[in-house]
Amino acid sequence: MSPEKSKTDCVFCKIINGEIPSKIVYQDEDVIAFVDINPITPVHLLIIPRKHITSLAAMSDAETPLVGKMVKAANKIAREKGISEKGYRLTINSGAEAGQVVQHLHMHFMGGRILRWDN
Ligand code: 5GP
Ligand code: ZN
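Residues numbered from 1 in each chain as written. Chains lettered and ligands numbered in written order. Predicted model: local features only at pLDDT ≥ 70, side-chain atom pairs only at ≥ 80, totals over all residues. Heavy atoms only, no water.

Q: Pulling in residues and values, what's your account of the side chain of His 106?
A: Mapped onto the secondary structure, His 106 falls in the loop between strand 4 (88-91) and strand 5 (107-111). Separated by 2.7 Å, the side chain of His 106 and the backbone oxygen of His 104 make a polar contact. In contact with His 106, not counting residues within four places along its chain, are Phe 12, Leu 46, Ile 47, Ile 48, Met 70, Thr 91, Ile 92 and Gln 100. (Helix = DSSP H or I, 4+ residues; strand = E, 2+ residues; numbered from the N terminus. Polar contact = N/O pair within 3.5 Å; in protein donor to acceptor, adjacent residues only side chain to side chain. Contact = heavy atoms within 4.5 Å.)

Q: I'd love a proper account of the layout of surface pockets, names of residues and values included.
A: Once rolled over the atoms, a probe with the size of a water molecule shows which space is left empty. Taken as a whole, the largest pocket encloses approximately 520 Å³ of empty space. Forming the boundary of the largest pocket are 26 residues, of which Asp 36, Ile 37, His 44, Leu 46 and His 108 lie nearest the centre. Taken together, the elements giving at least two residues each to the lining of the largest pocket come down to helix 1 (11-16), strand 2 (31-35), strand 3 (43-49), strand 4 and strand 5. At three residues, helix 1 tops the list of elements feeding residues into the lining of the largest pocket. Broken down by class, the residue content of the lining of the largest pocket amounts to 14 nonpolar, nine polar and three charged. (1 Å grid on protein atoms, 1.4 Å probe; cavity = no way out; pocket = protein on both sides within 12 Å on 5 of 7 lines; lining within 4 Å. Points joined across faces, edges and corners; volume = space filled by probe spheres on them. Nonpolar A, V, L, I, M, F, W, Y, C, P; charged D, E, K, R; others polar.)

Q: Just give me the short version of the nonpolar core, but keep the residues and values in it.
A: If you look at the biggest cluster of nonpolar residues, it comprises 19 residues, and the most contacted ones within it are Tyr 26, Ile 47, Met 59, Met 70, Ile 77 and Phe 109. Elements that contribute at least two residues to this core include exactly strand 2, strand 3, helix 2 (65-81) and strand 5. For this core, the leading source of residues is helix 2, giving seven residues. The residues touching Phe 109, leaving out its near neighbours within four places in the chain, are Val 43, His 44, Leu 45, Ile 47, Ala 74, Ile 77, Ala 78, Ile 83, Tyr 88, Arg 89 and Leu 90. (Core = buried A, V, L, I, M, F, W, Y, C linked by side-chain atoms within 4.5 Å. Buried < 20%, exposed > 50% of the residue type's maximum accessible area, 1.4 Å probe, protein only.)

All quantities given are derived from atomic positions and should not be read as evidence of function.
Take a look at the structure:
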């Protein structure tokens, strides 16, 4: 596999290929979703593309439809979890000042309680 598809030192690539265990709640050919190891809300998932893309800022124009697929997965998960109407939050941190720690594009899916803007 080429380096841009799977980075050997990337924790999320390791989750994708099963090297690191995770609670996967959704997967299709382009994206997977799993439970965040350090949840800050009752439902805290990470939705990621299978392709290793470092950040939102590093996405090429051709890759941006993947974000739509991540949102589609989020909406499906919300319906399955029965929180579609109650509400949920999707967040992508891009870069150091936004608090991005893992350098593989990911969308936080948070819900299951009332969320304030500062959490
Ligand atoms: P960031 O701060 O980069 O936006 O978010 C990274 C998220 O990845 C954090 O919420 C953190 O808890 C989660 N995380 C980091 N390492 C692992 C891991 O090995 N497994 C899982 N399930 N989540 C992880
Ligand atoms: Zn990766």
